[in-house]
Amino acid sequence: MGEPRPTVPVVDYLVLDDGPPHLVGSRCDACGAISLERRNACARCGTRASTRVRLADSGRIESFTIVHRGAPRHIGPFVSVLVRLDDGAFVKANLVDVPAEPTAVDLDVPVRIVTYPAGTDDDGTEAIAFGYAYDPTEGAHRDGR
Ligand SMILES: [Zn+2]
């Protein structure tokens, strides 16, 4: 296809140009709570000081929703998941490579971040989105409790 296209992440907390794609968040300087969103103050203890940190690449499915939007854009169906990352942060994203059926999704399954093209703008810049896929390095139904 010739020249590699320039890419841009669809959200500013997705980092594509510093090693493998990963998310960044903030860690409270006082209590260590990690969150995806940049907050004015820690949700747990109220401290205002925080440090930008790389978030974990893997986690487990905390909850999920099958999304199916009708007119005018006819999106979906797809699976929206709330993932509890291994570092404690919560991230909402799409679950990819899984049929959008309630019986195809399990809670507490290990997942890992993946990226995929989400469209190209008029200048040929490709937007990159992130989601989560079942982690192939872990048994999908391993009894880990
Ligand atoms: Zn805190």
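For the structure itself, consult the block above.
Below: a short report on this structure.

What counts as what
Residues numbered from 1 in each chain as written. Predicted model: local features only at pLDDT ≥ 70, side-chain atom pairs only at ≥ 80, totals over all residues. Heavy atoms only, no water. Helix = DSSP H or I, 4+ residues; strand = E, 2+ residues; numbered from the N terminus. Buried < 20%, exposed > 50% of the residue type's maximum accessible area, 1.4 Å probe, protein only. Contact = heavy atoms within 4.5 Å. Core = buried A, V, L, I, M, F, W, Y, C linked by side-chain atoms within 4.5 Å. Donors = N, O, S within 2.8 Å, 3.2 Å for Na, K, Ca; no water. Tetrahedral: all angles 85-135°; square planar, octahedral: opposite > 155°, others 65-115°. Salt bridge = Lys/Arg side-chain N within 4 Å of Asp/Glu carboxyl O. Polar contact = N/O pair within 3.5 Å; in protein donor to acceptor, adjacent residues only side chain to side chain.

1. What to know about the overall build of the protein
Right, so step 1: The secondary structure content of the protein amounts to zero helices and 10 strands.
Right, so step 2: Counted from the first residue to the last, the protein has its helices and strands arranged as β-β-β-β-β-β-β-β-β-β.
Right, so step 3: With respect to the principal axes defined by its C-alpha atoms, the protein has extents near 45 × 40 × 35 Å.
Right, so step 4: Relative to its 145 residues, the protein shows a buried fraction of 32%.
Right, so step 5: Taking the intrachain contacts of the protein between residues at least 6 apart in sequence as the baseline, contacts between residues at least 24 apart amount to 50%.

2. Looking at the nonpolar core
Right, so step 1: The biggest cluster of nonpolar side chains holds 25 residues, and the ones touching the most others in it are Leu23, Leu85, Leu95, Phe130 and Tyr132.
Right, so step 2: Contributions of two or more residues to this core are made by strand S2 (14–15), strand S3 (22–28), strand S7 (78–85), strand S8 (90–95), strand S9 (110–120) and strand S10 (126–134).
Right, so step 3: If one sorts the elements of this core by residue count, S7 sits on top with four residues.
Right, so step 4: Non-local contacts of Leu95, meaning those with residues more than four positions away in its chain, are made with Ile61, Val79, Val81, Val105, Val111, Tyr132, Ala133 and Tyr134.

3. Quick look at the coordination of the zinc ion
Right, so step 1: The protein atoms that coordinate the zinc ion are Cys28 (SG), Cys31 (SG), Cys42 (SG) and Cys45 (SG), at distances spanning 2.3 Å.
Right, so step 2: One can describe the donor arrangement at the zinc ion as tetrahedral, given that its four donor atoms subtend angles of 103 to 113° at the metal.
Right, so step 3: Each donor residue of the zinc ion lies on one chain, and together they are spaced C-x2-C-x10-C-x2-C. Of this pair, Cys31 sits in the loop between S3 and strand S4 (34–35) while Cys42 sits in the loop between S4 and strand S5 (50–54); the two residues are 11 residues apart in sequence, bridging distant segments of the chain.

4. As for the pattern of salt bridges
Right, so step 1: Evaluation of the coordinates by the stated rule reveals four salt bridges.
Right, so step 2: The partner of Arg54 in a salt bridge is Asp57, with the nearest N and O atoms 3.3 Å apart.
Right, so step 3: For Asp57, a relative accessible area of 21% translates into the label partly exposed.
Right, so step 4: Of the charged contacts, one joins Asp108 and Arg84 as a salt bridge, the two residues approaching to 3.7 Å between their closest N and O atoms. Separated by 24 residues along the polypeptide, Asp108 in the loop between S8 and S9 and Arg84 in strand S7 bring together distant segments of the chain.
Right, so step 5: Within the structure, one salt-bridge network assembled from shared partners comprises Glu62, Arg84 and Asp108.

5. What to know about the environment of Arg60
Right, so step 1: Tracing the backbone through its elements, the reader meets Arg60 in strand S6 (residues 58–67).
Right, so step 2: Separated by 24 residues in sequence, Arg60 and Arg84 place their C-alpha atoms 5.4 Å apart.
Right, so step 3: There is a polar contact of 2.8 Å between the side chain of Arg60 and the backbone oxygen of Asp108.

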